[in-house]
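# Structural overview
Residues per chain, in single letters:
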Amino acid sequence: MTDDTSSGTTAENVTVNLFQPGDGPAVPRPAGAGSFSDVGLLRIDHVGIAVADLDEALRFYAETFGLHCVHQETNEEQGVREAMLAVGDGAGPRLQLLAPARPDSAIAKFLDRSGPGLQQLAYTVADVEAAAAALRARGLRLLYDTPKRGTAGSRINFVHPKDAGGVLVELVEPV
């Protein structure tokens, strides 16, 4: 067993960068040196789940877990039918169900490649363009040059999963 207290490194002066752009190993770095405060993450916004049939998935999550739908729409630009589900009083992060609205959409391709399941982790940001710029400055790739329209008119962009430990990270600036 390793004794972490003998290293002279404390949680106050080091953060660990778990995911590096590219294939390099994770390395400790001093807190404040490239800290993520300039990215403007405010909270977890939602977790996205890819589903083949939105109506069937809505019934499943309502009957099985008691979640309730608080928003539903079709985003023609992204080719997706989506619903936001809330847990309990709805004060916390949401669960987003994503179903393809057309066969050439990113969600349809995801389902073909991976099947239904966890598709993304989204964070609320204060300013999606500033967050994207801060992440690009760290060498991360974003999927869009400029933000796109997301759920309920929000502005969104995505960090490439190869630059985020295999996770598709969405940045959401609510309206």
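A quick note: this is a predicted structure, and the numbers were derived from the prediction, not measured.

Time to look at the nonpolar core. Soluble, globular proteins show a tendency: their nonpolar side chains are buried together. Residues Leu135, Val159 and Leu171 are the most contacted members of the largest nonpolar core, which totals 13 residues. At the level of elements, α3 (128-137) and β10 (169-173) are the ones that each hand at least two residues to this core. Among the elements that make up this core, the one with the highest residue count is α3 (5 residues). Ile49, Val51, Tyr61 and Leu95 belong to the second largest nonpolar core, which has 12 residues in total.

Enumeration over the complete set of coordinates arrives at 4 aromatic pairs. Ring geometry for Phe60 versus Tyr61: centroids 5.2 Å apart, planes at 85°, classification edge-to-face. The class of Phe60 is partly exposed, set by a relative accessible area of 43%. Judged by its relative accessible area of 16%, Tyr61 falls in the buried class. Taken together, a centroid distance of 6.0 Å and an interplanar angle of 75° make the contact between Tyr144 and Phe158 edge-to-face. With Tyr144 in the loop between α3 and β8 (148-149) and Phe158 in strand β9 (residues 155-159), this pair connects stretches of sequence that are 14 residues apart. For Phe158, a relative accessible area of 7% gives the class buried. Note that Lys148 overlies the ring of Tyr144, its terminal NZ or CZ placed 5.0 Å from the centroid.

Rules and cut-offs
Residues numbered from 1 in each chain as written. Predicted model: local features only at pLDDT ≥ 70, side-chain atom pairs only at ≥ 80, totals over all residues. Heavy atoms only, no water. Core = buried A, V, L, I, M, F, W, Y, C linked by side-chain atoms within 4.5 Å. Buried < 20%, exposed > 50% of the residue type's maximum accessible area, 1.4 Å probe, protein only. Helix = DSSP H or I, 4+ residues; strand = E, 2+ residues; numbered from the N terminus. Phe/Tyr/Trp six-rings, centres within 6.5 Å; stacked < 30°, edge-to-face > 60°. Lys NZ or Arg CZ within 6 Å of the ring centre and 35° of its normal.

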